[in-house]
Amino acid sequence: MFDFSDLDPTTIGDGTGVAVPTGVYKGKISSCTATQSKNTGRAQFEFKVQIAETPYNGAIRTEWISVPQSAQDKVVYIWARAFQSIGVSPEKLKAAGTIPPEQIPQFFNGKDCYIDFTAGNRDMGGYDKVKFITGPAYKVKKAAAAAAPVGQPAAVSSTAPVAVHTAPTTPTPAPAPTPVPTAPANGSNGSNDLLAMLNG
């Protein structure tokens, strides 16, 4: 008999233990879950990204993005980059207007994406950092890395907003956050249209 009644799901390995060097990678979002920051109490989403490049296939890295508190919240630009990473242009995102938080997992779960990963040095108190990037940015940075001398980091500048990361914490379920008031285009249900386009 297999008795799993006393199982702690948080202790089960999920591929995160595989050593992955700093670089840009293709990946797939294996889960997108609403959580709440233990540090700030702010509603956020946790993204589990499964790397899809040899020899690191299956390794999982995690990113957290806070839920915007207003249309002027700068984290909106980090979300826009995440949407671009799965193939949604800024123009289509703007036209969609307000996207209810409960729809976010429907947009991201199972989608192919691109990430810029920085391996943290735990001995120095550092943590891994994950940033969603666009397909074109991935190609440019990949080419720059391939052309860089061995042992030298590729010099690729970026003007995109950078997320502020804190030490990873064990996520806890979060209450449903309030949708960001960004005015849907022409009063239509823009988020459903965008979701249909992405999944079509």
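Residues numbered from 1 in each chain as written. Predicted model: local features only at pLDDT ≥ 70, side-chain atom pairs only at ≥ 80, totals over all residues. Heavy atoms only, no water.

S.K.: Lay out the packing of aromatic side chains in plain terms, naming residues and giving numbers.
M.R.: The final tally for this structure, using the stated rule, is nine aromatic pairs. Plain terms: the ring middles of Y114 and Y138 are 5.0 Å apart, the flat faces sit at 40° to each other, and that makes the pair tilted. Taken together, the residues span a long stretch of sequence, with Y114 in strand β4 (residues 112-118) and Y138 in helix α4 (residues 135-147) at a distance of 24 residues. Classification of Y114 by relative accessible area gives partly exposed; the value is 24%. (Phe/Tyr/Trp six-rings, centres within 6.5 Å; stacked < 30°, edge-to-face > 60°. Helix = DSSP H or I, 4+ residues; strand = E, 2+ residues; numbered from the N terminus. Buried < 20%, exposed > 50% of the residue type's maximum accessible area, 1.4 Å probe, protein only.)

S.K.: I'd like a rundown of α4, residues and numbers included.
M.R.: Taking 1.5 Å per residue, 13 residues should reach 18 Å; α4 reaches 19 Å between its end C-alpha atoms and fits that length. When α4 is considered as a whole, its buried residues turn out to be G135, Y138 and K141. Down the axis of α4, the sector holding all buried residues measures 125°, keeping them to one side. Counted as exposed and oriented over 90 degrees from the buried face of α4: P136, K139, V140 and A147. Looking at the packing, one finds that the buried side of α4 touches β1 (23-36), β4 and β5 (129-133). For α4, the N-terminal capping position is held by T134, with its side-chain oxygen 3.1 Å away from the main-chain nitrogen of A137. (Expected span 1.5 Å × (residues − 1). Arc of directions from axis to C-beta. Contact = heavy atoms within 4.5 Å. Polar contact = N/O pair within 3.5 Å; in protein donor to acceptor, adjacent residues only side chain to side chain.)

S.K.: An account of the pairing of β5 is requested, with residue identities and associated values reported.
M.R.: Within β5, four of the five residues are buried, which leaves the element mostly enclosed by the surrounding structure. Direction of pairing for β4 relative to β5: antiparallel, over a ladder of five bridges. By the bridge assignment for β5, Y114 is matched with I133. (Pairing = 2+ DSSP bridges.)

S.K.: Give a detailed account of the pattern of salt bridges, specifying residues and quantitative values.
M.R.: Taken as a whole, this structure holds five salt bridges when the rule is applied. The salt bridge partner of R42 is D73, with a shortest N-O separation of 2.5 Å. Here D73 lies in the loop between β3 (60-66) and α1 (75-85) and R42 lies in the loop between β1 and β2 (43-51), a separation of 31 residues in the sequence. The partly exposed category is assigned to R42, whose relative accessible area is 23%. (Salt bridge = Lys/Arg side-chain N within 4 Å of Asp/Glu carboxyl O.)

S.K.: Describe the pairing of β1, with residues and values.
M.R.: Across a regular strand the side chains alternate sides, sitting on one face of the sheet and then on the other. Two strands pair when backbone bridges link them, and β1 and β4 are joined in this way by six bridges, in the antiparallel orientation. Bridging across to β4, V24 finds its partner in D116. Pairing analysis gives nine bridges linking β1 to β2, with the strands arranged antiparallel. Residue S31 lies in a different strand from β2, and its bridge partner there is K48.

S.K.: Explain the environment of A82 to me, and be specific about the residues and the numbers.
M.R.: Structurally, A82 can be placed in helix α1. In this structure A82 comes out as buried when scored by relative accessible area, which is 0%. Remark: the alpha-carbon pair of A82 and F108, spanning 26 residues in sequence, is separated by 8.9 Å. Those residues within four positions of A82 in sequence are excluded, and the remaining contacts are I65, F108 and F132.

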